[in-house]
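If you want the building blocks of each chain, they are given just below.
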Amino acid sequence: MLPTITLIGLPTDQHSSFLRGPALAPAAIRAALASSHGNSASERGTEIGLDFLLDDRGDIGLQEDVGDDDRIRAAVAACSGPVIALGGDHAISFPVVETLAARHGAFDILHFDAHPDLYDELDGDRRSHASPFARIMEGGHAQRLVQVGIRTLNRHCREQAARFGVEIIEARHLHDGWRPKFERPLYVSIDLDALDPAFAPGVSHHEPGGMSVRQIINILLDLDVPIIGGDVVEMNPTRDINGMTAVVAAKLVKELAAAIAANMQR
Ligand code: MN
Ligand code: MN
């Protein structure tokens, strides 16, 4: 039996603060994954279908109402092994992480983003896509939260980070050789706006001065602990150019799945 990673699509952007659009992302990412523009090889040398499998359960039927968190929890709970969630805006990470933490106990989180997403609330919404990691840390679902690529820290979020003991590697301090070290099982959350808009224009919040695709992939390639799941979020197809951000998202899904599979066999 080959290592199998479950994909679930979470087509929602009800908690976005600026633009809608990420609800359209799961279909765009799937199309890029299936496209004949590329092949099934990961940079580790493993291949989808030969060395590991993606079990795509399709999109969860979401209603853009308060019941969606329970629909997401039920969908994640129905997956027995590691899960990659295709967002959707970043608000989806909270019910996904909460459900996996109920199964595994608190784990570590590696979070790529331009934004720390630690707001206590934004525009009156405590479930805002700017708040999932405040909810995760309040719930005690992460032992360590390591955020990479951050370049929008305001006073409130600095205070929240200090309150929760978040480890932040700001974009200005990141260098190509930097690698995180983890000892516990890991969840990997990839907000595509961690990337510089030059690499990923199809996001709602363009924040210049970001990471390269190469930097994120190289970090994924060196992960050496069990990975229980992850998400790729905040792709906005209405802002994309020639589908290039969909291809970036699909490549990161493939490399994240390959990292999960490689560490299942250890
Ligand atoms: Mn985010
Ligand atoms: Mn972001």
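Just above, that's the structure.
As the structure is a prediction and not an experimental result, all values here were calculated from the model.

Trainee: Explanation requested: the overall build of the protein in the structure shown.
Mentor: Scanning the protein for helices and strands turns up seven helices and eight strands. Relative to its length of 266 residues, the protein is compact, with a C-alpha radius of gyration of 17 Å against a globular reference of 18 Å. For the protein, the C-alpha atoms occupy an extent of roughly 50 × 40 × 40 Å along the three principal directions. A buried classification covers 57% of the 266 residues belonging to the protein. In the form shown here, the protein has an accessible surface area of approximately 10400 Å², with 51% of it arising from carbon and sulfur atoms. Side chains of the protein carry 24 positive and 37 negative charges; the gap between the two charge centres is 4 Å.

Trainee: Mind showing me how you'd approach the environment of E159 here?
Mentor: Within the element layout of this structure, E159 appears in helix α5 (residues 155-164). Its relative accessible area of 49% is what places E159 among the partly exposed residues. Sequence separation between E159 and L118 is 41 residues, and the spatial gap between their C-alpha atoms is 9.4 Å.

Trainee: What exactly am I supposed to notice about the packing of helix α2 (residues 68-77) against helix α3 (residues 93-104) here?
Mentor: The geometry of α2 relative to α3 is characterised by a closest axis approach of 9 Å and an angle of 45 degrees between their N-to-C directions. As far as their axial angle goes, α3 and α2 are oblique. Between α2 and α3 lies a crossing whose hand is right-handed. Here D69, I72, R73, V76 and A77 of α2 come into contact with α3, specifically with F94, P95, V96, E98, T99, L100 and R103.

Trainee: How do you make sense of the coordination of the manganese ion (ligand 1) when you look at a structure like this?
Mentor: Octahedral six-donor coordination of a metal ideally yields angles of 90 or 180 degrees, compared with 109.5 degrees for tetrahedral four-donor coordination. Protein ligation of the manganese ion (ligand 1) involves H90 (ND1), D113 (OD), D117 (OD) and D191 (OD), the donor distances falling in the range 2.1 to 2.2 Å. For the manganese ion (ligand 1), the donor residues sit on a single chain with the sequence spacing H-x22-D-x3-D-x73-D. In this structure, the manganese ion (ligand 1) is positioned 3.3 Å from the manganese ion (ligand 2), and both are ligated by D113. Taken as a pair, H90 in the loop between β3 (83-87) and α3 and D191 in strand β7 (residues 186-191) lie far apart in primary sequence, 101 residues in all. Looking at H90, the relative accessible area reads 0%, which means it is buried. Since its relative accessible area comes to 2%, D191 is described here as buried.

Trainee: I would appreciate a short explanation of the coordination of the manganese ion (ligand 2) in the present structure.
Mentor: Taken together, the protein donors to the manganese ion (ligand 2) comprise D113 (OD), H115 (ND1), D191 (OD), D193 (OD) and D193 (OD), at separations of 2.1 to 2.4 Å. In the primary structure, the donors to the manganese ion (ligand 2) are separated according to the pattern D-x1-H-x75-D-x1-D. Residue classification places D193 among the buried residues on the basis of a relative accessible area of 3%.

Trainee: I'm lost on the packing of helix α1 (residues 25-34) against helix α7 (residues 244-264) in this one. Help?
Mentor: The relative placement of two packed helices comes down to the angle between their axes together with the axis-to-axis distance. Contact geometry of α1 with α7 gives a least axis separation of 8 Å together with a crossing angle of 70 degrees. Here α1 is positioned roughly perpendicular relative to α7, judged by the angle of their axes. Contact with α1, carried on its side by A28, I29, A32 and L33, involves A246, V247, A249, A250, V253 and K254 of α7 and no other residues of that element. Class assignment for the residues of the contact of α1 with α7 results in nine nonpolar, no polar and one charged.

Trainee: Sorry if this is basic, but what is going on with the pairing of strand β1 (residues 4-10) here?
Mentor: Here is the key point about a regular strand: its side chains alternate between the two faces of the sheet. Buried residues dominate β1, accounting for seven of its seven residues. Every second residue of β1 is oriented toward a common face, with T4, T6, I8 and L10 on one face and I5, L7 and G9 on the other, all of them buried. Of the pairings in the sheet, the one linking β1 to β3 comprises five bridges and is parallel in character. The partner of L7 across the bridge, within β3, is I84.

Trainee: Looking at this structure, I do not really get the nonpolar core. What am I missing?
Mentor: Across soluble globular proteins, nonpolar side chains show a tendency to be buried alongside one another. If you look at the biggest cluster of nonpolar residues, it comprises 47 residues, and the most contacted ones within it are L110, F112, V188, L192, L220 and L252. Among the elements that line this core, the one with the most residues is α7, at 12 residues. Apart from residues no more than four positions distant in its own chain, L192 is found in contact with A200, V203, V232, V233, M235, T245, V248, A249 and L252. Judged by nonpolar contacts, the second largest core, of 34 residues, contains F94, F107, I136 and A161.

Trainee: Explain the packing of aromatic side chains to me, please; I cannot follow it from the model alone.
Mentor: To describe a pair of aromatic rings, one takes the distance between the centres and the angle between the planes. Scanning the entire structure with this criterion turns up one aromatic pair. Relative to Y187, the ring of F107 has its centre 6.1 Å away and its plane inclined at 25 degrees; by these criteria the two rings are stacked. Here F107, found in strand β4 (residues 107-112), pairs with Y187, found in strand β7; they are 80 residues apart in sequence, far enough to count as distant.

Rules behind the numbers
- Residues numbered from 1 in each chain as written.
- Chains lettered and ligands numbered in written order.
- Predicted model: local features only at pLDDT ≥ 70, side-chain atom pairs only at ≥ 80, totals over all residues.
- Heavy atoms only, no water.
- Helix = DSSP H or I, 4+ residues; strand = E, 2+ residues; numbered from the N terminus.
- Rg over C-alpha atoms; globule rule 2.2 N^0.38 Å.
- Buried < 20%, exposed > 50% of the residue type's maximum accessible area, 1.4 Å probe, protein only.
- Areas by Shrake-Rupley, 256 points an atom, 1.4 Å probe, with all protein chains shown as cover.
- Lys, Arg positive; Asp, Glu negative; His and termini not counted.
- Charge placed at Lys NZ, Arg CZ, Asp CG, Glu CD.
- Axes fitted to C-alpha atoms, helices over the stretch in contact; angles between N-to-C directions.
- Parallel < 35°, antiparallel > 145°, perpendicular 65-115°, else oblique.
- Left-handed = near helix turned anticlockwise from the far one by under 90°.
- Contact = heavy atoms within 4.5 Å.
- Donors = N, O, S within 2.8 Å, 3.2 Å for Na, K, Ca; no water.
- Nonpolar A, V, L, I, M, F, W, Y, C, P; charged D, E, K, R; others polar.
- Pairing = 2+ DSSP bridges.
- Core = buried A, V, L, I, M, F, W, Y, C linked by side-chain atoms within 4.5 Å.
- Phe/Tyr/Trp six-rings, centres within 6.5 Å; stacked < 30°, edge-to-face > 60°.

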